[in-house]
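One-letter residues, chain by chain:
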Amino acid sequence: MTTDSQGTKPSRALPYKDMLFYGCGAFANNLQAAASGGMMIVLNLAFSISPTVVGILSAIPRLVDAISDPVMGYVSDHTNSRWGRRRPFIFSGILVAGVIFALMWQIGDGQSETFYFVYFLAFLIVFFLAYTIFATPWVALGYELTPDYHERTKLMGVQNFMGQVPFLVLAPWFLWFMELDVFGGMANGASVLGITVAVLCIAGGLIPALFLRERFAQATTAESTGRIDLKEAIVSEVARFLAGFAETLKNRDFVMLAIATFLVFNGFQLIGAFQSYVIIYYVFAGDRDAGGLLLGQFGMISSVVTFVVIAITTFLSTRIGKRQTFYVMIGISTIGYLLKWFCYSTEYPYLILVTAFLIPFGLGALFTLMGSMIADVCDKDELVTGERREGMYGAIFWWVVKLGMSVALLLGGILLDVTGFDVDLEVQAEETLYLLRLFDAIVPAAASLLSIFLVASYSITEKRAVEIRAELELRRGVV
C-alpha cells in the first residue's frame, strides 16, 4: 500500500472514529453559532436593550468576523509547528471562545443600556475572534483529512449530521430553559445556559484537536523554509495574503460552488419568515394559536427529514457522483418550494405539511456536498499552485455564507415591506397575502434552479479527481 510524503496511506478508508471526532468539532462549531444568535433575545427581554441596539450588537462583531476569517485561513495555511497547521489553533480557539462565552453572561440586570452595549460589544468581539481561531482551521482540517473522493462525502455527511443537532434539537429549547422558574429570572437562566454551552463547546471542540492527525502538518508553499518569519516586512506579508486571496477567487470551480451555496442557503433565508405570516394570516385568517401549532409540526417534520436527507445524500453521492446528487436533491427541494403555492389551503390547512418532506432535501444536502466538493477543489489548487490552502478556501466560502445571511436578512425585511404587511392588522390585505405566498414559493425556487445551472459548470468529476490525486501523489514521491 502506498504512502504520500506526509505518511498517509491514500487508499485507506478514513476510520469512522475519525469521522466522529471531526463531527464533534461540527457540534461545537454550530452550538457556538446557535447560542451566539439564539441567546441575543436575552438582551432585549432581560436587560431591556432596544431591538435596534441589539441589532447593532449582532452586526458589528460579525463584520469583524468577516474580516478575520480570511486572515485566519492564511495564517493557518502558512503555519509550521510541531503540532501541525490546524490543531494548535483549534485547541486554543475553542478554549478561549468557550471561556469568553461563559463569562459574557455572568452579569445581572439593573445596568444602563450604554453599559450593556459596551460590555456585550467587547465580549462579543473577543468571542468571535476566538471563534474564528477555532472554526477556520477546523473547517480546513476537514478538507484535508482524506484524499479519497467518496470518503470526503462520508466525512462531510457525518459532520453535517452531528452539526445539525445544535440547530434542530437544542436551540429551540434555549428560551424555555432560560425562563425556568428555578433560575429566578431570565438573566440568571442565561448565566447557567452560557456556562452549559461553553462546557459542551469546549468538550466537543477539543476532540478533533487532540485525537485527529493532519495529513499536511507543515505548510506546503514554494517559499516556505520553516516557521513564518515574524521579522518579515508587514507590507510583504500583506501582499502575500492579498495574492493568495486573489488566487482563490480566480478558481472558477470554487467560485461556482460558493455562489451556488449563496443562492440555495440565502434563497431560503430571504423568505424565512414569510411562511409564518402566510400560515397565520392566510391559512388561519389571523389565528396565531392554530398557526403556531402547524408551524411547530412543520418544523418538527423538517428536522427529522433533514437528518434522513444527510444520510441519503452520502449514499447517493457514492453511486451517481456529487454533481448529479446535487441536481437531484436541490431539484426535489425546488419542487417542494413550488408546491407551496398549491398547498397553502384555507380548506385543507395541513396540506402544507407535504412540502415539509421535500424542502429539507436542499439544505440537508447542501453542506454535505459542498464540503466534499471544495476538498476536491483544494487538490486541484495544489496541482496548479503547489500549495495546500484549505484554510483560505474554507474562510472565503464561509465568508460568502455569512455575507449572504446579512444580505438576506436585510433584503427579507425590504421584501416584506413590499408586500404591504402591517403587523398591527389582524386581517391583511388580499394583495399582501398574494405577494407573501408568491415570494415564499418563487424566490427560493428560482435561486435553487440558478444554483443547479451554476454547478453544471463544475469541472471536477470523480474521474478527474482520481487523476488529480494520482498526479499529486507522484509529485509528493509516493512509492
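1. Comments concerning the side chain of Ser317
By the element assignment, Ser317 lies in helix α12 (residues 288-320). With relative accessibility at 0%, the residue Ser317 sits in the buried group. Other than its neighbours up to four places away in sequence, Ser317 contacts His150, Thr153, Lys322, Thr325 and Leu369.

2. Remarks on the packing of helix α11 (residues 274-283) against α12
Between α11 and α12, the least distance of the axes is 8 Å, while the angle of their chain directions is 140 degrees. Considering the angle they form, α11 stands oblique to α12. Read as a crossing pair, α11 and α12 show a hand that is right-handed. Residue-level inspection shows Gln275, Ser276, Ile279, Ile280 and Tyr281 of α11 in contact with α12, the latter providing Arg288, Gly291, Leu294, Leu295 and Phe298. In terms of residue class, the contact of α11 with α12 is built from six nonpolar, three polar and one charged.

3. Observations concerning the environment of Gln297
When you line up the elements, Gln297 lands in helix α12. Using a relative accessible area of 24% as the deciding quantity, one classes Gln297 as partly exposed. Between the alpha carbons of Gln297 and Glu462 there is a distance of 39 Å; along the sequence they are 165 residues apart. Not counting the four nearest positions on each side in its chain, Gln297 is found in contact with Tyr350 and Leu353.

4. Observations concerning the nonpolar core
Core analysis: the largest hydrophobic core is formed by 123 residues, its most contacted members being Met39, Phe47, Trp105, Phe120, Phe326 and Phe397. In terms of residue count, helix α5 (residues 113-144) provides more of this core than any other element does, 15 residues in total. Ignoring any residue separated from it by four or fewer positions in sequence, one finds Met39 in contact with Ala34, Phe101, Trp105, Phe174, Met178, Ala190, Leu193 and Gly194.

5. Brief notes about the packing of aromatic side chains
Applying the stated criterion across every chain yields a total of 26 aromatic pairs. Seen in terms of ring centroids, Trp105 and Phe120 are 5.4 Å apart; in terms of plane orientation they differ by 55 degrees. Their pairing is tilted. Taken together, the positions of Trp105 in the loop between α4 (87-104) and α5 and Phe120 in helix α5 put the pair 15 residues apart, joining distant regions of the chain. Here the aromatic rings of Phe127 and Phe128 are separated by 5.2 Å at their centres, their planes lie at 70 degrees, and the arrangement is edge-to-face. Grouped by ring-pair contacts, the aromatic residues Phe47, Phe101, Trp105, Phe115, Tyr116, Tyr119, Phe120, Phe123, Phe127, Phe128 and Tyr131 constitute a single cluster. Over the ring of Trp341 we find Arg437; its NZ or CZ atom is 4.3 Å from the centre of that ring.

6. Some points on the state of the cysteines
Tallied over the full model, the rule gives zero disulfides. With no disulfide of its own, Cys24 lies closest to Cys201 among cysteine sulfurs, the gap being 12 Å. For Cys24, a relative accessible area of 18% gives the class buried. Judged by its relative accessible area of 2%, Cys201 is buried.

7. Notes on the packing of helix α13 (residues 322-343) against helix α15 (residues 360-385)
Remark: α13 packs on α15, axes separated minimally by 9 Å, with the N-to-C direction vectors making an angle of 160 degrees. In terms of their interaxial angle, α13 and α15 are classed as roughly antiparallel. In this structure, α13 meets α15 at a crossing whose hand is left-handed. Across the interface between the two elements, Lys322, Arg323, Thr325, Phe326, Met329, Ile330, Ile332 and Ser333 from α13 touch Phe361, Gly362, Ala365, Leu366, Leu369, Met370, Ser372, Met373 and Asp376 from α15. Residue composition of the contact of α13 with α15, grouped by class: 10 nonpolar, four polar and three charged.

8. Side note on the pattern of salt bridges
For side chains of opposite charge, pairing can occur when their charged atoms come near one another. By the definition in use, this model includes 21 salt bridges. Across the pair Arg85 and Glu390 runs a salt bridge, and its minimum N-O distance is 3.3 Å. Taken together, the residues span a long stretch of sequence, with Arg85 in the loop between α3 (51-77) and α4 and Glu390 in helix α16 (residues 390-419) at a distance of 305 residues. Residue Arg85 shares its accessibility class with Glu390, and that shared class is buried.

9. Thoughts on the confidence of the model for the chain
On average, the chain scores 87 in pLDDT, and the residues at 70 or more come to 92%. Within the chain, the element-level pLDDT minimum falls on helix α9 (residues 234-249), averaging 72, and the maximum on α4, averaging 97. A low-confidence stretch, residues 1-10 stays under pLDDT 50, and its non-local contacts, those more than four residues away or across chains, total 26 contacts. Contacts of residues 222-226 to residues separated by more than four positions or lying in other chains number four contacts, the stretch itself having pLDDT below 50.

10. Some words on a nonpolar patch on the surface
Side chains of Phe91, Leu95, Val96, Leu210 and Phe211 sit close together on the surface and give an oily, nonpolar patch of about 410 Å² of accessible area. At the level of secondary structure, the elements contributing two or more residues to the nonpolar patch comprise α4 and α8 (186-211). In terms of residue count, α4 provides more of the nonpolar patch than any other element does, three residues in total. Structurally, Val96 can be placed in helix α4.

11. Points about unusual backbone geometry
Most of the time, phi is negative for any residue but glycine, and the peptide bond is trans. Notably, Ser48 is not glycine yet its phi reads approximately 60 degrees, a positive angle. Relative to the helices and strands, Ser48 is located in the loop between α2 (41-45) and α3. Here Ser48 falls in the exposed class, since its relative accessible area comes to 58%. One non-glycine residue, Ala285, adopts positive backbone phi at about 55 degrees. Mapping Ala285 onto the fold places it in the loop between α11 and α12.

12. Some remarks on the side chain of Lys340
Position of Lys340 among the secondary structure elements: in helix α13. Overall, the relative accessible area of 4% leaves Lys340 in the buried class. Once residues within four sequence positions are removed from consideration, Lys340 is found in contact with Gln275, Ile352, Thr355, Ile359, Asp440 and Ala441.

13. Details of the environment of Phe27
By the element assignment, Phe27 lies in helix α1 (residues 16-38). Sequence separation of Phe27 and Ala217 is 190 residues, and the distance between their C-alpha atoms is 24 Å. When residues no more than four places from it in sequence are discounted, the contact partners of Phe27 are Met162, Gly163, Val165, Pro166, Leu170 and Leu200.

Reading the values: the criteria
- Residues numbered from 1 in each chain as written.
- Predicted model: local features only at pLDDT ≥ 70, side-chain atom pairs only at ≥ 80, totals over all residues.
- Heavy atoms only, no water.
- Helix = DSSP H or I, 4+ residues; strand = E, 2+ residues; numbered from the N terminus.
- Buried < 20%, exposed > 50% of the residue type's maximum accessible area, 1.4 Å probe, protein only.
- Contact = heavy atoms within 4.5 Å.
- Axes fitted to C-alpha atoms, helices over the stretch in contact; angles between N-to-C directions.
- Parallel < 35°, antiparallel > 145°, perpendicular 65-115°, else oblique.
- Left-handed = near helix turned anticlockwise from the far one by under 90°.
- Nonpolar A, V, L, I, M, F, W, Y, C, P; charged D, E, K, R; others polar.
- Core = buried A, V, L, I, M, F, W, Y, C linked by side-chain atoms within 4.5 Å.
- Phe/Tyr/Trp six-rings, centres within 6.5 Å; stacked < 30°, edge-to-face > 60°.
- Lys NZ or Arg CZ within 6 Å of the ring centre and 35° of its normal.
- Disulfide = S-S within 2.5 Å.
- Salt bridge = Lys/Arg side-chain N within 4 Å of Asp/Glu carboxyl O.
- pLDDT = per-residue confidence, 0-100.
- Patch = residues over 30% accessible without salt bridge, like charges linked within 9 Å, V, L, I, M, F, W, Y side chains within 5 Å.
- Areas by Shrake-Rupley, 256 points an atom, 1.4 Å probe, with all protein chains shown as cover.

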